[in-house]
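Chain by chain, the residues run as shown.
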Amino acid sequence: MRFKLPIDDFSRHTAYTDKYGLQSDLGYTGPLSFSHLDYARCLQEPEQAFDVAVIGMPFDTTTSYRPGARFGPTGIRVGSRRQHGERAWTLSWGLDPYKLGAKIMDCGDIPLNAYDNAIAIDQMEAAYESLLAHPVAKGAEAAAKDVTTALSKDGQAHPRVLTLGGDHTIVLPILRALNKVYGPVSVIHFDAHLDTWAPAPNAPSAQSRITHGSFFYIAHEEGLMRNASIHGGIRCKMSGEADITNDEDVGFKVVSTDDIDDIGIQEVIRRMRAHIGDNPVYLSLDIDTIDPGMAPATGTPEAGGWTTREVKRIIRGLAGMNIVGADIVEVAPAYDHADITSIAAADIAHDFLSAMMASEPPKSRDERRPWASEL
Ligand SMILES: [Mn+2]
């Protein structure tokens, strides 16, 4: 796996391999797949079995300010190059998401139409629906115990998908596809912005109602979400309290950026878990949750955000929930410096994969391996 030459194929031996061995990839070389994972064009290979697919949605034509998130999937893969499926154990998690019996692979990008949003949004829904219909790679025994088997309407195991966006509108076709398999889901939405705003009443066309600030409103109109979702990291400027009233009508509670100082990370996690409970839950993370000092490459940056470490700790606290899918959106690499945003996004992708694999949040390092007696 992972682009290695077959070691027993002696016909491929050369002066180089005789002397130095295989032409294996370094962190900064080789074909560009997420975290050097196996890569396939899964949309045209329906027999391809996997448990988690990484898919790119290079779409940015419903953004309100700076475009460029169509380069997000490639940017996040670049940010993942120092990650590797064979060296992925972390102190934070105490596990390696690639070594827990699940096949995780990069399924490439959806070749989205860049000129017609209606077609692109339909392409994303069709692609996601196709991925959810692939066979899972884990054995029948593990599949029977899988969270997707318990939650799906057909009682079958389904792969889960980690999507690399793309502007945030990509979540609408994702929720449409998830609805066919699971029915309405709850959402944990990390973002500086609500994204639940009603379309302008004077919108000049039906298509123009669907933007990266209104897609949750549309999803609620279509009955795709349970009336139990929650935001984390909100700090944008609003028209007033009416925006929050509307947000509640769409089905959301708010954890604001400032709440983390007032109630602490553990209480943020507790509120998220308590509000969602055992519902099937979709995790969506807009990279603008993170302070633009640590993640500047995004379409609508807002000062005063959470740190990358705070976001990662909250995600760890969500392990063991009934996670049916996740995304990282709004990475626009053209505004980046030294890949810092892409590296943060790729690291959070590793946390999402770990959260899907873990059955409960990891205990703190000190609880797992106390050294207080040595102090
Ligand atoms: Mn957003």
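Note: the structure precedes this text.
Worth saying up front: this structure is predicted, and the values here are computed from it rather than measured.

**Topic: the pairing of strand β4 (residues 186–190)**
The element β4 is largely enclosed, with a buried count of five among its five residues. As judged from the five bridges shared by β4 and strand β7 (residues 281–286), these two strands associate in the parallel manner. Considered in β7, the bridge of S186 is made with V281. Looking at chain direction, β4 and strand β5 (residues 229–234) are connected through three bridges and run parallel.

**Topic: helix α11 (residues 340–357)**
Here α11 spans 26 Å end to end across 18 residues, near enough to the 26 Å set by a 1.5 Å rise per residue. Extensive coverage of α11 is indicated by the burial of 16 of its 18 residues.

**Focus: the environment of Y65**
Positionally, Y65 belongs in the loop between β1 (52–57) and α2 (72–79). The spatial distance from the C-alpha of Y65 to the C-alpha of Y217 is 19 Å, given a sequence separation of 152 residues.

**A short note on the pairing of β5**
Within β5, six of the six residues are buried, which leaves it mostly tucked inside the rest of the structure. Relative to strand β6 (residues 252–256), β5 is paired through five bridges, and the arrangement is parallel. Looking at the pairing, I234 lines up with S256 of β6. In this view, the connection linking β5 to its parallel neighbour β6 by way of helix α8 (residues 241–250) has right-handed handedness.

**Things to note about the packing of helix α3 (residues 117–132) against helix α6 (residues 171–182)**
Axis separation between α3 and α6 bottoms out at 8 Å; the angle between their running directions is 35°. In the crossing of α3 with α6, the sense of the turn from one axis to the other is right-handed. Contacts between α3 and α6 involve I121, M124, E125, Y128, E129 and L132 from the former and L172, P173, I174, R176, A177, K180 and V181 from the latter. Classifying every residue of the contact of α3 with α6 gives nine nonpolar, no polar and four charged.

**Comments concerning unusual backbone geometry**
Put simply, G165 and G166 share a cis peptide bond, and its omega is 10°. Checked against the element boundaries, G166 lands in the loop between β3 (160–165) and α6. Even without glycine at this site, S35 takes up a positive phi of about 55°. Along the chain, the position of S35 falls in the loop between α1 (15–20) and β1. When the 26 C-beta atoms within 10 Å are taken as the criterion, S35 is described as buried. Of note in this structure, A338 is not a glycine but carries a positive phi near 55°. Tracing the chain through its elements places A338 in the loop between β8 (323–329) and α11. Given 7 C-beta atoms within 10 Å, A338 falls into the exposed group.

**Notes on the sheet that holds β7**
Pairing within the open sheet is parallel, and its eight strands lie in the order β2-β1-β3-β8-β7-β4-β5-β6. Only two strands of the sheet have a single partner each, and these edge strands are β2 (104–109) and β6. With direction set aside, neighbouring strand axes in the sheet form an average angle of 15°. Running at roughly 180° to β8, α11 makes contact with β1, β2, β3, β7 and β8 of the sheet.

**A word on α3**
Taking 1.5 Å of rise per residue, the 16 residues of α3 would be expected to cover 22 Å, and the 23 Å separating its terminal C-alpha atoms lies within 8% of that figure. Those residues of α3 that sit buried are A120, I121, M124, E125, A127, Y128, L131 and L132. Along the axis of α3, the buried residues cluster in a sector spanning 165°; they form a single face. Facing away from the buried side of α3 by more than 90 degrees, the exposed set consists of A118 and I119. Along its buried surface, α3 packs onto β1, β2, β3 and α6.

The rules we used
- Residues numbered from 1 in each chain as written.
- Predicted model: local features only at pLDDT ≥ 70, side-chain atom pairs only at ≥ 80, totals over all residues.
- Buried ≥ 20, exposed ≤ 12 C-beta atoms within 10 Å, placed from the backbone.
- Helix = DSSP H or I, 4+ residues; strand = E, 2+ residues; numbered from the N terminus.
- Pairing = 2+ DSSP bridges.
- Expected span 1.5 Å × (residues − 1).
- Right-handed = clockwise from strand over helix to strand, strands pointing away.
- Axes fitted to C-alpha atoms, helices over the stretch in contact; angles between N-to-C directions.
- Left-handed = near helix turned anticlockwise from the far one by under 90°.
- Contact = placed C-beta atoms within 7 Å.
- Nonpolar A, V, L, I, M, F, W, Y, C, P; charged D, E, K, R; others polar.
- Arc of directions from axis to C-beta.

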